[in-house]
Amino acid sequence: MHAMFRDVKVIPVLTIEDAADAVPLARALAKGGLRVLEVTLRTPASLAALTAISREVPETTVGAGTVLRPSDVTRAREAGAKFLVSPGLTPDLAAAGLGTGLPFLPGAVTPSEIMSARDLGCSFLKFFPAEPAGGAAALRSFAAVFAGVAFCPTGGVNAGNLADYLSLPNVPLVGGSWMVPPDAVAARAWDRIEGAARDAVALAETYKLI
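Report follows, based on the coordinates. (Residues numbered from 1 in each chain as written. Predicted model: local features only at pLDDT ≥ 70, side-chain atom pairs only at ≥ 80, totals over all residues. Heavy atoms only, no water.)

As for helix H7 (residues 135–145)
The line we're drawing: Only protein chains enter the accessibility calculation, which uses a 1.4 Å probe; a residue is then buried when its area is under 20% of its type maximum, exposed when over 50%, and partly exposed in between. Helical segments are the DSSP runs of H or I of at least four residues, strand segments are the runs of E of at least two, and each set is numbered from the N terminus. This arc corresponds to the set of directions leading from the helix axis out to the C-beta atoms. Contacts are residue-level and defined by heavy atoms, with any inter-residue pair within 4.5 Å sufficient.
Within H7, burial applies to Gly135, Ala136, Ala138, Leu139 and Phe142. Each buried residue of H7 sits inside an arc of 155° when the element is viewed along its axis, so together they form one side. On its buried face, H7 sits against helix H6 (111–119), strand E6 (124–127), strand E7 (150–153) and helix H8 (162–166).

Structure follows, in structure tokens:
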């Protein structure tokens, strides 16, 4: 997992409504320097989008987000997902996710959830929804208590608060969708998205990975 995400500070979180947008969107993000992408399993087009990116945009590494149950793990892997992200964790989901051998980021936001995830073998966690769950202040508090646990916060992360997260010792990367505004996707303004991706990379480059 750490090898896949080495040198990655920002992962675009994509909710794709039209599978025809998947490939040009992924190419625009990759041209802008964002080459690790998360496609959420929230729309009817999500699996087709994930498959298209996996097959047609080899310069990217695409994973599946909003993985909620073991059947989602199976479908995501069959669609070509190279990593899995979930907003939470259950024992069955942990077994399915870890059993694939793919990088798996389950969600945890409370101390008890973090301890449960660690007991199940997960030490790289999603922190979602980041801002409503306490944001950077909560993660700063966790750093001293949960040594060796890293977090990828998503949910309310944007260019304005990116520094608050990436400056933390237990946050090597973040997930967000601010570089993929819905109106730009609707207009198929791929150049605009490429520019926003480039800006996100430039902003994140001022912070080091753990």
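Regarding the environment of threonine 43
Just so we agree on the cut-off: Polar contacts, as counted here, are pairs of nitrogen or oxygen atoms within 3.5 Å of one another; within protein the pair requires one atom able to donate a hydrogen and one able to accept it, and residues that are adjacent in sequence qualify only if both atoms are side-chain atoms.
Structurally, threonine 43 is set in the loop between strand E2 (36–40) and helix H3 (46–56). Sequence-distant contacts of threonine 43, that is, excluding residues within four places in its chain, are made with Thr15, Ile16 and Glu17. Engagement of the side chain of threonine 43 in a polar contact is seen with the backbone oxygen of isoleucine 16, the distance being 2.6 Å.

Section: the environment of arginine 118
With respect to the helices, strands and loops of the structure, arginine 118 is situated in helix H6. Each C-alpha atom, one on arginine 118 and one on glycine 148, is 9.9 Å from the other, the two residues being 30 residues apart in sequence. The contacts of arginine 118, once residues within four sequence positions are left out, are Phe146 and Val149.

What to know about the nonpolar core
Put simply, the rule is: Nine residue types can take part in a nonpolar core, namely buried Ala, Val, Leu, Ile, Met, Phe, Trp, Tyr and Cys, and a core is a set of them joined through side-chain atoms within 4.5 Å.
Residues Leu29, Ile53, Leu84 and Ile193 are the most contacted members of the largest nonpolar core, which totals 59 residues. Top element by residues in this core is helix H2 (residues 22–31). It accounts for six residues. In contact with leucine 29, not counting residues within four places along its chain, are Pro12, Leu14, Leu34, Leu37, Met179, Val180, Ile193 and Ala197. The next biggest cluster of nonpolar side chains, apart from the first, holds eleven residues, and it includes Ile11, Leu105, Phe124 and Ala150.

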